[in-house]
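Summary of structural features
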Amino acid sequence: MGQGRGWEGAVLKLMRAKDFEFTVTGGEDVTADYRRLTFTDGGMLATTGVHPTMWVRLWFDNAGRPHQRAYTLVDPDPQTGAFALEFALHEGCASDWARAAKPGDTIEATVQGTGFEHPDPAPSHVCVVGDPASLPAVNSLLGALGDAPATVWFEGSLDGLPCLADPARHEVREVPRRDGGAALVERVRAELPELLASGPDPYVWIACDTATTRALGAFVRKELGVPKQRVHALGYWRAS
Ligand SMILES: Cc1cc2nc3c(=O)[nH]c(=O)nc-3n(C[C@H](O)[C@H](O)[C@H](O)COP(=O)(O)OP(=O)(O)OC[C@H]3O[C@@H](n4cnc5c(N)ncnc54)[C@H](O)[C@@H]3O)c2cc1C
């Protein structure tokens, strides 16, 4: 199955990646820019189990060349092998594939690199910075962290999107994307310190474009001195 994927595929194979084939069972345009597809998993979930924010590497075709991109599992059910993926749509092979996907279409997947550690001690307050690409992971995270109050800075508009934040304990602050993420960085820099001081064991989770994520991760760890085991920062996409 790894044939034709070049060195990226070979390296993942050596790292004991697992390969599965997913089959599309349905699709829904949630908004004009956000599409949910449902799948059967080719036996994956029974083999790998599931964890919060779990993601897979999907192998898209880019004019005959392999194009690997990560997507987050939504509502994975190991009993039935069913799950969904939610695609924030933009220019790109993965987005194009998702726009056109119909029941019966298949795509190969590798499970490698995903993981989740429950923060210990449990967070007194969760500070989340995300955007449409990380919304499925944000939803999964908030579900996994149970009763902890959370503040979510969301880059973009949540209008019509499936945000699972519970208004009783989660506050969502929408920030329009401006200047390549600079507006989000500025807002979080201004507002995060007060929230971090509001409880003994805060936990910070950041997943935006790579430059924004790097800037905020460095701010939180280096300038604010939050211990690295209390900060998760992973770039989800590269702005061009
Ligand atoms: C762990 C992980 C989990 C992820 N889960 C999801 C998920 O569940 N849903 C999801 O939609 N994305 C998710 N992503 C992000 C997704 O992998 C990237 O957005 C990916 O680049 C999309 O590939 P593409 O082929 O469509 O575009 P690419 O070929 O990578 O890029 C094409 C163009 O689109 C731009 N672009 C790429 N991504 C975005 C974006 N998100 N917003 C605006 N412009 C963009 C690029 O700058 C470039 O100009 C995840 C990423 C990671 C690392």
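The structure displayed is predicted, hence computed values, not measured ones. (Residues numbered from 1 in each chain as written. Predicted model: local features only at pLDDT ≥ 70, side-chain atom pairs only at ≥ 80, totals over all residues. Heavy atoms only, no water.)

**A few points about helix 4 (residues 135-144)**
To be explicit about the condition: Each residue is placed in one exposure class: buried if its accessible area under a 1.4 Å probe, protein chains only, is under 20% of its type's maximum, exposed if it is over 50%, and partly exposed if it falls in between. Helix and strand assignments follow DSSP, with helices taken as H or I runs no shorter than four residues and strands as E runs no shorter than two, numbered in order from the N terminus.
Summarising burial for helix 4: seven of the 10 residues are buried, a large majority. Of the residues making up helix 4, those classed as buried are Leu 135, Pro 136, Ala 137, Val 138, Asn 139, Leu 141 and Leu 142. Two residues or fewer past helix 4, Gly 146 is found with a positive phi of approximately 60 degrees.

**Let's talk about the domain arrangement of the protein**
Rules: The domain limits used here are those given by an automatic or database domain assignment. Pairs of residues are marked as contacts when any of their non-hydrogen atoms sit within 4.5 Å. Accessible area that two parts lose when put together, evaluated with a 1.4 Å probe and summed over both, is termed the buried area.
Considered domain by domain, the protein is made up of domain 1 (6-111) and domain 2 (125-233). Between domain 1 and domain 2, the residue contacts involve 10 residues of the former and 13 residues of the latter. Between domain 1 and domain 2, roughly 840 Å² of surface is buried when both sides are summed, and carbon and sulfur atoms account for 72% of that area. If you sort the residues of domain 1 by the area they bury against domain 2, Tyr 34, Thr 53 and Thr 72 come out on top, with a joint share of 48%.

**What to know about the packing of aromatic side chains**
Threshold: Classification of ring pairs rests on two measures: the distance between centres of Phe, Tyr or Trp rings, Trp counted by its six-membered ring, which must be within 6.5 Å, and the angle between planes, read as stacked under 30 degrees, edge-to-face over 60 and tilted in between.
Under the definition given, this model contains nine aromatic pairs. Here the aromatic rings of Phe 22 and Phe 83 are separated by 4.9 Å at their centres, their planes lie at 70 degrees, and the arrangement is edge-to-face. On the criterion of sequence distance, the pair formed by Phe 22 in strand 1 (residues 18-31) and Phe 83 in strand 6 (residues 82-88) is long-range, its members being 61 residues apart. The class of Phe 22 is buried, set by a relative accessible area of 0%. Look at Phe 83 and you get buried, because its relative accessible area is 3%.

**A word on the site of the ligand**
Note the following rule: We call a residue near a molecule or strand as soon as one heavy atom of that residue lies within 4 Å of the molecule or strand. The term polar contact refers here to a pair of N or O atoms within 3.5 Å; inside protein, the definition further demands a hydrogen-donor-capable atom paired with an acceptor-capable atom, and it admits residues adjacent in sequence only when both atoms are side-chain atoms. Throughout, the Shrake-Rupley method with a 1.4 Å probe supplies accessible areas, and for residues the shown protein chains are the sole cover considered.
The environment of the ligand is formed by 24 residues, the closest being His 67, Glu 86, Ala 88, Arg 238 and Ser 240. The side chain of His 90 places a nitrogen or oxygen atom 3.2 Å from a nitrogen atom of the ligand. One nitrogen or oxygen atom from the main chain of Ala 133 is found 3.4 Å from a nitrogen atom belonging to the ligand. Relative to its unbound accessible surface of 910 Å², the ligand loses 84% to contact with the protein.

**As for the sheet that holds strand 9 (residues 150-155)**
Put simply, the rule is: Strand pairing is assigned whenever DSSP detects at least two bridges linking the two strands. Axes here mean lines fitted to C-alpha atoms, for a helix over just the part in contact, with angles spanning 0 to 180 degrees between N-to-C directions.
Here we have five strands laid out as an open sheet, ordered 10-9-8-11-12, and parallel in their pairing. The two strands at the open ends of the sheet, each matched to only one other strand, are strand 10 (170-175) and strand 12 (231-233). Looking at each pair of strands side by side, their axes are set apart by 10 degrees on average, direction ignored. Bridging between strand 8 (residues 125-130) and strand 11 (residues 202-206) involves five bridges; their strand directions are parallel. Across the sheet, Cys 127 pairs through a bridge with Val 204, a residue of strand 11. Strands in contact with helix 5 (residues 182-196) are strand 8, strand 9, strand 10 and strand 11; relative to strand 9, the strand with the most contacts, it is inclined by about 175 degrees.

**Some thoughts on the layout of surface pockets**
In plain terms, the rule: Buriedness for pockets is judged along seven lines, at least five of which must meet protein on both sides within 12 Å for an open set on the 1 Å grid over protein atoms alone, while cavities are sets there where a 1.4 Å probe fits but cannot get out, and lining residues have an atom within 4 Å of a point. Grid points are joined across faces, edges and corners, and a volume is the space filled by probe spheres set on the points. Ten residue types, Ala, Val, Leu, Ile, Met, Phe, Trp, Tyr, Cys and Pro, are classed as nonpolar, four, Asp, Glu, Lys and Arg, as charged, and the remainder, Gly among them, as polar.
If you add up the space inside the largest pocket, you get close to 1,300 Å³. Lining of the largest pocket is provided by 38 residues; of these, His 90, Ala 133, Tyr 236, Trp 237 and Arg 238 occupy positions nearest its centre. If you list the elements that add at least two residues to the lining of the largest pocket, you get strand 3 (55-62), strand 4 (65-72), strand 6 and helix 3 (93-100). A per-class count over the lining of the largest pocket returns 17 nonpolar, 11 polar and 10 charged. Each of domain 1 (6-111) and domain 2 (125-233) accounts for three or more of the residues forming the lining of the largest pocket. Volume-wise, the second largest pocket comes out at about 370 Å³. Residue lining of the second largest pocket: 19 residues in total, with Gly 115, Phe 116, Glu 117, Tyr 203 and His 232 positioned closest to the centre.

**As for the pairing of strand 5 (residues 74-77)**
Of the strand pairs in this sheet, strand 5 and strand 6 are connected by two bridges, and their pairing is antiparallel. Bridging across to strand 6, Asp 77 finds its partner in Ala 82. The antiparallel hairpin formed by strand 5 and strand 6 contains four residues in its connecting segment, where Gly 81 sits at a positive phi of about 70 degrees.

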